[in-house]
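# Structural overview
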Amino acid sequence: MPTLQDLGVDLFDPAIIARPHPFYARLREEAPIVYSEQLRGWMLTRYDDVRHVLRDSERYSSMRDPVLLGRRDVMLEQVAPPGTLTMLGADRPDHTRLRKLLAMDFTPKRIVRMQPRIDAVTRELLADVSRDKPFDVAESLAVPLPVRIIAELLGIAPDMYRQFKLWSDAATEPVRPDATDAQVGERNARIVEFRSFLKNEIDQRHRAPTNDFIGRLVAAHDDEERLTDDELLAAVNLLLLAGNETTTNLISNAVLALTRFPDQARRLREDPSLMDNAVDEFLRYDGSVQFTTRRLLADDEFYGQRVSAGESVVVVLASANRDPRAFESPDELDVGRRISRHLAFGDWIHVCLGQFLARMETHAAITALLEVFPNLELAVDEDDLVYRANFNLRGPKHLPVVAGEARRLEPGLVAG
Ligand code: HEM
């Protein structure tokens, strides 16, 4: 069985990060199970295999080592002490306990109350954007919208969002194998700052209870001791990180998809009632989380390859969603496509808790953009877009667009 290394694949290669889908297609056909030394796990890329793993939480544990790509010879600070449980990294019954504490806050009924606020923030952000010059969708809308909304929900001052972005990038971007000691030191310093900020927010609520998300978690800790101090810190950290970079990238990837398929943008403008469906199609076509991992508790087998208890599997959600065995013409964006089973939010007990919020933010962002800029085009060649150095939470760092006929920019001006 070949390894990814044998196939010459480096997950830090900017060309793979920018265009992973041809690579996934090759794996699905030629090596549907393949070992990745960089991820230290078996990669699965076909829809049925990915779903099989996600739906068997008895055999496939979420209590896995964090994926530490890149330099492993240095100490990487974590926000919560290593080993602290979060719902994302727990199995039943801990998973049920930790998820239940927050599930009530994330029901569609609760989240829909945020709609006016999400619309208002979207419009406010777009009001500052120039109508006749190229602008960066990432910086103007896709980055600030989710950060501001999650900060408000958690009960943190919205003007902290620029600072959050720095912390969140430090916590979510892998440390490259060629990172210098100074870069690792800077990354660690940001994580320590982030930790003391969160601890301070939590301490304030121990003294003066509040009714925001953090306040309710603190109350669950203080009144019923349903989670430990470290679990409390880890839960707040999880919400901030999970609710941030993922939605940013979904919004950017959706805008990029619409510039690739202008007929679909036109269809959406003419029939805005397609938008709910379109958001799911954006998730299927180019969802922002590429993969998740599980650790085997009992042996399994794929295509004659035994995978043993204790080993890890990497299930590539983004590849499953483009598997022609599951979706007709999977590389086409079709906003009218009936999709009921994409895996962009995972599946089963760990299915994304924030999916209604993410959908609502993306709905608001794309609706407003199409309204204000009916003929949105990329302002650079797609090949010149620069992606964040993150193979998993994947999206462009900058996304310069222009309303219709305005001139195209020279690539160097926006590559940043
Ligand atoms: C486009 C945006 C998003 C995408 C693509 C996404 C994707 C995912 C995926 C794939 C998982 C499952 C991981 C696994 O099974 O290992 C997950 C879980 C989770 N997501 Fe999201 N997410 C998004 C937005 C959000 C938002 C906005 C929030 C919260 C504010 C959020 C909170 C969570 C949490 C708490 C979990 C853990 C659930 C559990 O383990 O029970 N996510 N998400």
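Note: the structure precedes this text.
Residues numbered from 1 in each chain as written. Predicted model: local features only at pLDDT ≥ 70, side-chain atom pairs only at ≥ 80, totals over all residues. Heavy atoms only, no water.

### Let's talk about the coordination of the iron atom of the ligand
The protein supplies the iron atom of the ligand with one donor atom, C352 (SG), which lies at 2.3 Å. By secondary structure assignment, the location of C352 is in the loop between α16 (317-320) and α17 (355-372). (Donors = N, O, S within 2.8 Å, 3.2 Å for Na, K, Ca; no water. Helix = DSSP H or I, 4+ residues; strand = E, 2+ residues; numbered from the N terminus.)

### Some words on the site of the ligand
The local shell around the ligand holds 28 residues, among which H95, R99, T292, H350 and C352 are the closest. Here L88 contributes a backbone N or O atom positioned 3.5 Å from an oxygen atom of the ligand. Here an oxygen atom of the ligand and a side-chain polar atom of R99 are 2.7 Å apart. Where the shell around the ligand is concerned, the elements lending two or more residues are α4 (94-103), α12 (229-242), α13 (245-260), β5 (291-296) and α17. Tallying contributions element by element places α13 first for the shell around the ligand, with three residues. (Near = heavy atom within 4 Å. Polar contact = N/O pair within 3.5 Å; in protein donor to acceptor, adjacent residues only side chain to side chain.)

### A look at the packing of helix α6 (residues 115-127) against helix α8 (residues 144-154)
Across the interface, α6 lies against α8 with an axial gap of 10 Å and an inter-helix angle of 140°. Overall, the two elements α6 and α8 adopt an arrangement that is oblique. Judged by the twist between their axes, the crossing of α6 over α8 is right-handed. On α8, the residues touching R117, I118, V121, T122, E124 and L125 of α6 are P144, L145, R148, I149 and E152. When its residues are assigned to classes, the contact of α6 with α8 shows six nonpolar, one polar and four charged. (Axes fitted to C-alpha atoms, helices over the stretch in contact; angles between N-to-C directions. Parallel < 35°, antiparallel > 145°, perpendicular 65-115°, else oblique. Left-handed = near helix turned anticlockwise from the far one by under 90°. Contact = heavy atoms within 4.5 Å. Nonpolar A, V, L, I, M, F, W, Y, C, P; charged D, E, K, R; others polar.)

### Looking at the pairing of strand β8 (residues 312-316)
Of all five residues in β8, five are buried; the element is thus mostly enclosed. Burial along β8 is two-sided: S312, V314 and V316 facing one way and V313 and V315 facing the other are all buried. Pairing between strand β2 (residues 41-44) and β8: three bridges, direction parallel. In the strand pairing of β8, L44 is matched with V315. Where β5 and β8 come together, five bridges link them in antiparallel fashion. Its bridge partner being in β8, F291 is matched across the sheet by V316. (Buried < 20%, exposed > 50% of the residue type's maximum accessible area, 1.4 Å probe, protein only. Pairing = 2+ DSSP bridges.)

### Brief notes about the side chain of D49
Structurally, D49 can be placed in helix α3 (residues 47-54). Despite its burial, D49 remains without a salt bridge, the nearest opposite charge being carried by R46 at 5.4 Å. Polar contacts involving the side chain of D49 include one to the side chain of Y303, which spans 2.6 Å. Residues contacting D49, with those up to four places away along its chain left out, are L44, F302 and Y303. (Lys, Arg positive; Asp, Glu negative; His and termini not counted. Salt bridge = Lys/Arg side-chain N within 4 Å of Asp/Glu carboxyl O.)

### Some words on the sheet that holds β5
Across a sheet, paired strands are connected by hydrogen bonds in the backbone, their directions being either parallel or antiparallel. Read across the open sheet, the five strands follow the order β1-β2-β8-β5-β3; overall the sheet is mixed. Two strands lie at the open edges of the sheet, namely β1 (33-36) and β3 (60-61), each paired on one side alone. Contacts from α3 reach β2, β3, β5 and β8 within the one sheet, and its direction differs from that of β8 by about 125°.

### Observations regarding the pattern of salt bridges
Taken as a whole and judged by the stated rule, the model has 32 salt bridges. Residue E58 is joined to R92 by a salt bridge in which the shortest nitrogen-to-oxygen separation is 3.9 Å. With E58 in the loop between α3 and β3 and R92 in the loop between β3 and α4, this pair connects stretches of sequence that are 34 residues apart. Relative accessible area serves as the criterion here: at 59%, E58 is assigned to the exposed category. Of the residues examined, R92 reaches a relative accessible area of 48% and is grouped as partly exposed. Here R325 makes a salt bridge to D323, at a shortest N to O gap of 2.7 Å. Exposure remark for R325: the relative accessible area of 44% places this residue in the partly exposed category. Counted as one network, the salt bridges with shared partners bring together K165, D169, E245 and R388.

### Focus: the sheet that holds strand β10 (residues 400-403)
Strand order in the open sheet formed by three strands is β4-β10-β9, with antiparallel pairing between adjacent strands. At either end of the open sheet lies a strand with only one pairing partner, and these are β4 (135-136) and β9 (376-378). Of the strand pairs in this sheet, β9 and β10 are connected by three bridges, and their pairing is antiparallel. Bridged to L376 within β10 is A403. Most of the contacts of α13 go to β9, to which it runs at about 95°, and overall it touches β9 and β10.

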